[in-house]
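# Observations on the three-dimensional arrangement
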Amino acid sequence: MDGAPRRAACRRLQLPLLCLFFQGATAILFAIFVRYNHETDAALWHWGNHSNANNEFYFRYPSFQDVHTMVFLGFGFLMVFLQRYGFSSVGFTFLLAAFALQWSTLVQGFLHSFHGGHIHVGVESMINADFCAGALLISFGAVLGKTGPVQLLLMALLEVVLFGINEFVLLDLLGVKDAGGSMTIHTFGAYFRLVLSWVLYRPRLEKSKHRQSSIYHSDLFAMIGTIFLWIFWPSFNSAPTSLGDTQHRTALNTYYSLTASTLSTFALSALVSGDGRLHMVRGGAVGRQRDSLAEERSDVLHGSLQGNKPQGLHLPWQWWSRAGGDGMEAGKLEVRWQKETSGSSRCHYGPHPECCSGRRGYGGDSR
């Protein structure tokens, strides 16, 4: 009996001690290795005799704001699909993303922007860190309600490292052109969540299936998160691409594909519903929209095909790949393996437009 209070006290100390340790470690690493890049450092910028109007901040920061909103509000509310874990989803999203932004800046910096013994950061570093946080939150959706904050922080610690290594191998070593981030972000996040669910799965978890359902209000908040993602997705896709026509084209392609996929998803939702009504939690996964020179009508067609992949239907993904989908988004994986229920059997957690562009090998070279 005496051991029970001690164990309870230890459990209460785990989260604050782990948070303080992680924050202290990242603060020390930032102090040692992180420096401003040439666009941010006052001496380097003015030494180059540049005009302030040409600073990258004015071109990238509006897109960063949109991406940042998507990570914290879009994903945060999107995760409120379980009736018992509304506060947990928003709060843990906040916690995980805040840690991932710092940790991914270090990991990605060591792999991609480590020069002269230092990591050089700027607006693009902030955008890239948000992308890593997005991959982490894709995985988080599978274990929501089955893991505590300490486990989630340890998951974030591992996944951010693996994300950076996977990205480095694909983009830098293999030279892959992943225009929509389908492999490096969404497929990685989806496969990581599958493996994580398999590792954490225990038979006794089946006893809590009654907590994995949704109610009207949880679905409503999930739809609010979906709309946040939908609105800002053109910025999310185009944020890291080359400035000028490439960025303009990426935003335009995504814009029209999203609208087309939405209409086709609504149509198919009503069609396959037994009562002919719309089911808002049965959404489609919009595929990656590239910075290609294809005309906008091809993007409308591509969006229509992607929107007709409702996550409530179990159709072979090979068929959709032949029909025009890229076959690599996390949305298709999220509904294929229902044994993923070590987190939530409700993997199809809303209309989730899985697409994004990245840097370097994603949407063209950086500026």
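Up top is the structure these notes are about.
The structure presented is a predicted model; accordingly, all values stated were derived computationally and were not measured.

### Details of helix α6 (residues 149-173)
- Here α6 is 25 residues long and its end C-alpha atoms lie 35 Å apart, about the 36 Å a rise of 1.5 Å per residue gives.
- Those residues of α6 lying buried are L152, L153, M155, A156, E159, V160, F163, G164, E167, L170 and L171.

### Thoughts on the packing of aromatic side chains
- Taken as a whole, this structure holds 16 aromatic pairs when the rule is applied.
- Ring plane angle 45° and centroid distance 5.4 Å describe the contact between F110 and F114, whose orientation is recorded as tilted.
- Here F110 falls in the partly exposed class, since its relative accessible area comes to 37%.
- What makes F114 partly exposed here is its relative accessible area of 34%.
- With a centroid separation of 5.0 Å and an interplanar angle of 45°, the aromatic rings of W233 and F236 are classed as tilted. Residue W233 and its partner F236 are located together in helix α8 (residues 216-238), separated by three residues, close to a single helical turn.
- Since its relative accessible area comes to 1%, W233 is described here as buried.
- Clustering of aromatic rings is evident, with ring pairs tying together F57, Y58, Y61 and F64.

### Focus on a nonpolar patch on the surface
- Taken together, L158, L162, I165, V169, L173 and L174 make up a surface patch of nonpolar side chains, about 530 Å² in accessible area.
- As for its position among the elements, L174 is in the loop between α6 and α7 (182-200).

### Some details on the pattern of salt bridges
- Under the definition given, this model contains two salt bridges.
- For R60, the salt bridge goes to E56, with nearest N and O atoms at 3.6 Å. Linking R60 with E56, this pair stays in helix α3 (residues 56-78), spanning four residues, or about one helical turn. In this pair, the class of R60 matches that of E56, namely buried.

### Quick word on the nonpolar core
- In this structure, F75, M79, L96, F140, L144, L152 and M155 are the most contacted members of the largest nonpolar core, which totals 54 residues.
- Of the residues forming this core, the biggest block, 12 residues, is contributed by helix α5 (residues 123-143).
- Apart from the residues within four sequence positions on either side, L152 is in contact with F92, L96, F140, V143 and T147.

### Notes on the sheet that holds strand β1 (residues 34-36)
- Taken in spatial order, the three strands line up as β1-β3-β2 in an open sheet, and their pairing is mixed. Unpaired on one side and paired on the other, β1 and β2 (114-115) mark the two borders of the sheet.
- Two elements, β2 and strand β3 (residues 118-121), share two bridges in a ladder whose sense is antiparallel. Within the sheet, the bridge partner assigned to H115 lies in β3 and is H118.
- Along the sheet, helix α4 (residues 86-112) contacts β1, β2 and β3; its crossing angle with β3, the most-contacted strand, is approximately 110°.

### Some words on the side chain of T105
- Mapped onto the fold, T105 is located in helix α4.
- Within polar-contact distance, the side chain of T105 engages the backbone oxygen of L101 at 2.6 Å.
- Leave out the neighbours within four places in its chain, and T105 touches F30, A100, I119, V121 and A129.

### A look at the packing of α5 against α6
- In the contact formed by α5 and α6, the axes pass within 10 Å of each other and the chain directions differ by 135°. It follows that α5 is oblique to α6 by the angle criterion. Judged by the sense of rotation from one axis to the other, the crossing of α5 with α6 is right-handed. Facing C132, A135, L136, S139, F140 and V143 of α5, the residues of α6 in contact are L152, M155, A156, E159, V160 and F163.
- Partitioning the contact of α5 with α6 into residue classes produces 10 nonpolar, one polar and one charged.

Rules of the game
- Residues numbered from 1 in each chain as written.
- Predicted model: local features only at pLDDT ≥ 70, side-chain atom pairs only at ≥ 80, totals over all residues.
- Heavy atoms only, no water.
- Helix = DSSP H or I, 4+ residues; strand = E, 2+ residues; numbered from the N terminus.
- Expected span 1.5 Å × (residues − 1).
- Buried < 20%, exposed > 50% of the residue type's maximum accessible area, 1.4 Å probe, protein only.
- Phe/Tyr/Trp six-rings, centres within 6.5 Å; stacked < 30°, edge-to-face > 60°.
- Patch = residues over 30% accessible without salt bridge, like charges linked within 9 Å, V, L, I, M, F, W, Y side chains within 5 Å.
- Areas by Shrake-Rupley, 256 points an atom, 1.4 Å probe, with all protein chains shown as cover.
- Salt bridge = Lys/Arg side-chain N within 4 Å of Asp/Glu carboxyl O.
- Core = buried A, V, L, I, M, F, W, Y, C linked by side-chain atoms within 4.5 Å.
- Contact = heavy atoms within 4.5 Å.
- Pairing = 2+ DSSP bridges.
- Axes fitted to C-alpha atoms, helices over the stretch in contact; angles between N-to-C directions.
- Polar contact = N/O pair within 3.5 Å; in protein donor to acceptor, adjacent residues only side chain to side chain.
- Parallel < 35°, antiparallel > 145°, perpendicular 65-115°, else oblique.
- Left-handed = near helix turned anticlockwise from the far one by under 90°.
- Nonpolar A, V, L, I, M, F, W, Y, C, P; charged D, E, K, R; others polar.

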